[in-house]
Amino acid sequence: MSRRGWVLFALISVMWGIPYLLIKVAVAEVPVPVLVFARTAIGAALLLPLALRGGQLGMLRKHWRPVAAFAFLEILAPWWLLSDAERQLSSSTAGLLIAAAPILGVLLARMTGGEERLGRARWAGLALGVVGTAVLAWPHLGGGSAWSITEVLLVVLAYAIAPLIADRYLRDVPTIPLTAACLGLAALVYAPAAAWTWPATMPSGAVLAALLGLGVLCTGLAFVVYVELIKEAGPSRALVSTYVNPAVAIAAGVLVLQEPLTGLIVVSFVLILAGSVLATRAEAEPAAAPELEDVRS
């Protein structure tokens, strides 16, 4: 993966590692529709002026089907499901379960005719990521209802499919107009439900800060970084960032909630990060067989 790809990978790993903590804070005082509406509306308000200034929103018309599908799978469905699940599950458990997305993404890519080759090193990296995630997840999987677990697994499925759509049908669409349109669409869809469930009292300062952080950092800016990462490194490598997200989620719990940093967590960090490095590396091929080189190397 290129140097630019690694920078984008590191940024999105952090930006999408902290939403679990912020969602957990927010759902304590605001209903799920309000949370999702606030997150999407803030993100859209941040990006729509830039998209309008560039005059590129019009080009989305001929891509409206994949844009709508990407918006549904990346925002509309998963953000409701994840926010609702975190009313029962801990933020760390939700983040850890989401780490299954890269494996499912790789399998879906191969099943649907993807050309990206996965050699032994990358499969070993994916396996290491699974082991590290399992080590982290095991102590947390005792809590939460079966439906909450199912909701997060549906999010995993949506997150595995969405990058394939972006990579195969939206590569020529500029990032900011695409992101602004998706967030704007989601905000419009959630507006009626948000108005219906709007809280009677003003949420606390901590909740308002969490909503602002979700909208600006974890949505508006993060989506620009994520779509650029998909275009730079491919969908399966972009999804590997979800291996690092649980580690960031645990670190946020340690720093913000003063949770203990155990030896188990440290071992998991090493496994997840090592797996990410292997899973995103370019495959080296013998000079005598150039036709087998990774097309994304």
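Everything numeric here is computed off the predicted structure, so don't read it as measured data.

Caption draft 1: Summary view of the overall build of the protein. Per the secondary structure count, the protein includes 13 helices and zero strands. Put simply, the protein has 297 residues, and 51% of those count as buried. For the protein, the computed accessible surface area is about 13200 Å², with 70% contributed by carbon and sulfur atoms.

Caption draft 2: How the structure looks around helix α4 (residues 64-85). The first and last C-alpha atoms of α4 sit 30 Å apart over 22 residues, in line with the 32 Å expected at 1.5 Å per residue. The largest bend in α4 is about 45 degrees, located at phenylalanine 72. With respect to burial, α4 is a largely interior element, 16 of its 22 residues being buried.

Caption draft 3: Region of the structure containing a nonpolar patch on the surface. A cluster of nonpolar residues, Leu46, Leu217 and Leu221, forms a patch on the protein surface that exposes about 210 Å² of accessible area. Mapping leucine 217 onto the fold places it in helix α10 (residues 205-233). In this structure leucine 217 comes out as partly exposed when scored by relative accessible area, which is 33%.

Caption draft 4: Seen up close, the environment of alanine 10. Here alanine 10 lies in helix α1 (residues 3-15). Given a relative accessible area of 42%, alanine 10 falls into the partly exposed group. Considered as a pair, alanine 10 and serine 241 are 231 residues apart in the sequence and their alpha carbons are 7.9 Å apart.

Caption draft 5: Geometry of the confidence of the model for the protein. Looking at the protein, pLDDT values average 80 and 82% of them are 70 or higher. Contacts from residues 284-297, a stretch scored under 50 in pLDDT, to residues over four places away or in other chains number 19 contacts.

Conventions we followed
Residues numbered from 1 in each chain as written. Predicted model: local features only at pLDDT ≥ 70, side-chain atom pairs only at ≥ 80, totals over all residues. Heavy atoms only, no water. Helix = DSSP H or I, 4+ residues; strand = E, 2+ residues; numbered from the N terminus. Buried < 20%, exposed > 50% of the residue type's maximum accessible area, 1.4 Å probe, protein only. Areas by Shrake-Rupley, 256 points an atom, 1.4 Å probe, with all protein chains shown as cover. Expected span 1.5 Å × (residues − 1). Bend = angle between axes of the 7 residues up to and from the residue. Patch = residues over 30% accessible without salt bridge, like charges linked within 9 Å, V, L, I, M, F, W, Y side chains within 5 Å. Salt bridge = Lys/Arg side-chain N within 4 Å of Asp/Glu carboxyl O. pLDDT = per-residue confidence, 0-100. Contact = heavy atoms within 4.5 Å.

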